[in-house]
Amino acid sequence: MVVEALITPSILQDDDSSKRRQIMDGAHRVFMEQGFDGASMNEIARAAGVSKGTLYVYFPDKSRLFEAIVEHDVLELGKLAFNFDPTAPAEETLRDFGRAYVELLCRPGGDSSVRTVMGIAERMPELGKRFYQNVIEHTFNRFAEYLQARVKAGELAIDDCSLASPQFLMMCQATIFQPYIFQAKPAPSKAYIERVVESATKIFLNTYRAKK
């Protein structure tokens, strides 16, 4: 038919991708509100605005759907370009990176990939492992490379940059991440994040700044 001839493969692929994204967006809301165990395929279909039959065309079960959401988040997080210019002074970079990292971990409204993965990692360890390696560990390693560059430039004096990297990021999370992840407190304000990161930056530089 003429109508069929007008439907090109690219249009079909775009429509397929759009429907898949629609389902994943709906499922993400349900998982965040009800948790993995509480979420049902019926509720996900309603939230996504699709029939249950359509839902199963794209995802055979709840676990596969959850994995697809996490994998998408991993790819999106991987696109983030933290400023690790090796020529940039450490003090400015530490502040900027610390704030950006904590804001990523503690998004308002509980929309945190880290929180989502932590909730299911024990049941789906391979998923948790991939997320850790591709997001958390990858970020640690890139930051460690930056620190090493500043050591070579004579600004910092660090024996083990692979240890110093997570040390700084853990200090930036102090009093912020655990209350957020356990839902004891809402996402922190930008002002509070800045206060904690400023403290972490001072402690880090007091320890690792090269003596003149």
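Quick note: structure is the one above.
Residues numbered from 1 in each chain as written. Predicted model: local features only at pLDDT ≥ 70, side-chain atom pairs only at ≥ 80, totals over all residues. Heavy atoms only, no water.

Caption draft 1: Quick look at the overall build of the protein. The helix and strand inventory of the protein stands at 11 helices and zero strands. For the protein, the α and β elements follow one another from N to C terminus as α-α-α-α-α-α-α-α-α-α-α. In the protein, the share of contacts with a sequence separation of at least 24, taken over all contacts with a separation of at least 6, comes to 72%. Here the protein has roughly 12,200 Å² of accessible surface; of this, 53% comes from carbon and sulfur atoms. (Helix = DSSP H or I, 4+ residues; strand = E, 2+ residues; numbered from the N terminus. Contact = heavy atoms within 4.5 Å. Areas by Shrake-Rupley, 256 points an atom, 1.4 Å probe, with all protein chains shown as cover.)

Caption draft 2: Broad picture of the side chain of T139. Relative to the elements of secondary structure, T139 occurs in helix α8 (residues 125–152). On the accessibility criterion, T139 (8% relative accessible area) is buried. Leaving out residues up to four positions away in the same chain, T139 has contacts with F82, F97 and Y101. (Buried < 20%, exposed > 50% of the residue type's maximum accessible area, 1.4 Å probe, protein only.)

Caption draft 3: Structural detail: the packing of aromatic side chains. Applying the stated criterion to the full structure yields 14 aromatic pairs. Relative to F84, the ring of F82 has its centre 6.1 Å away and its plane inclined at 55°; by these criteria the two rings are tilted. In terms of burial, F82 and F84 fall into one category: buried. Arranged with centres 5.8 Å apart and planes meeting at 50°, the rings of F97 and Y101 form a pair that is tilted. You can see F97 and its partner Y101 sitting in helix α6 (residues 90–105), four residues apart, about one turn around the helix. Both residues of the pair, F97 and Y101, belong to the buried class. (Phe/Tyr/Trp six-rings, centres within 6.5 Å; stacked < 30°, edge-to-face > 60°.)

Caption draft 4: Here's a closer look at the packing of α6 against α8. Their axes nearest at 12 Å, the elements α6 and α8 cross at an angle of 170°. Taken together, the axis directions place α6 and α8 in an arrangement best described as roughly antiparallel. Across from A90, T93, L94, F97 and Y101 in α6, the residues of α8 making contact are I136, T139, F140, F143, Y146 and R150. When grouped by side-chain class, the residues that make up the contact of α6 with α8 number eight nonpolar, two polar and one charged. (Axes fitted to C-alpha atoms, helices over the stretch in contact; angles between N-to-C directions. Parallel < 35°, antiparallel > 145°, perpendicular 65-115°, else oblique. Nonpolar A, V, L, I, M, F, W, Y, C, P; charged D, E, K, R; others polar.)

Caption draft 5: The arrangement of α6 in detail. Taking 1.5 Å per residue as the helical rise, α6 with its 16 residues ought to reach 22 Å, and the 22 Å between its terminal C-alpha atoms agrees with that figure. Every buried residue of α6 is accounted for by A90, T93, L94, F97, G98, Y101, V102, L104 and L105. Each buried residue of α6 sits inside an arc of 150° when the element is viewed along its axis, so together they form one side. (Expected span 1.5 Å × (residues − 1). Arc of directions from axis to C-beta.)

Caption draft 6: Representation of the nonpolar core within the structure. Core analysis: the largest hydrophobic core is formed by 60 residues, its most contacted members being F31, I44, L55, L65, L147 and F204. Look past the residues within four positions of F204 in its chain and what remains in contact with it is L94, L147, I158, A164, F168, M171 and R209. (Core = buried A, V, L, I, M, F, W, Y, C linked by side-chain atoms within 4.5 Å.)

Interpretation in functional terms is not warranted from these geometric data alone.
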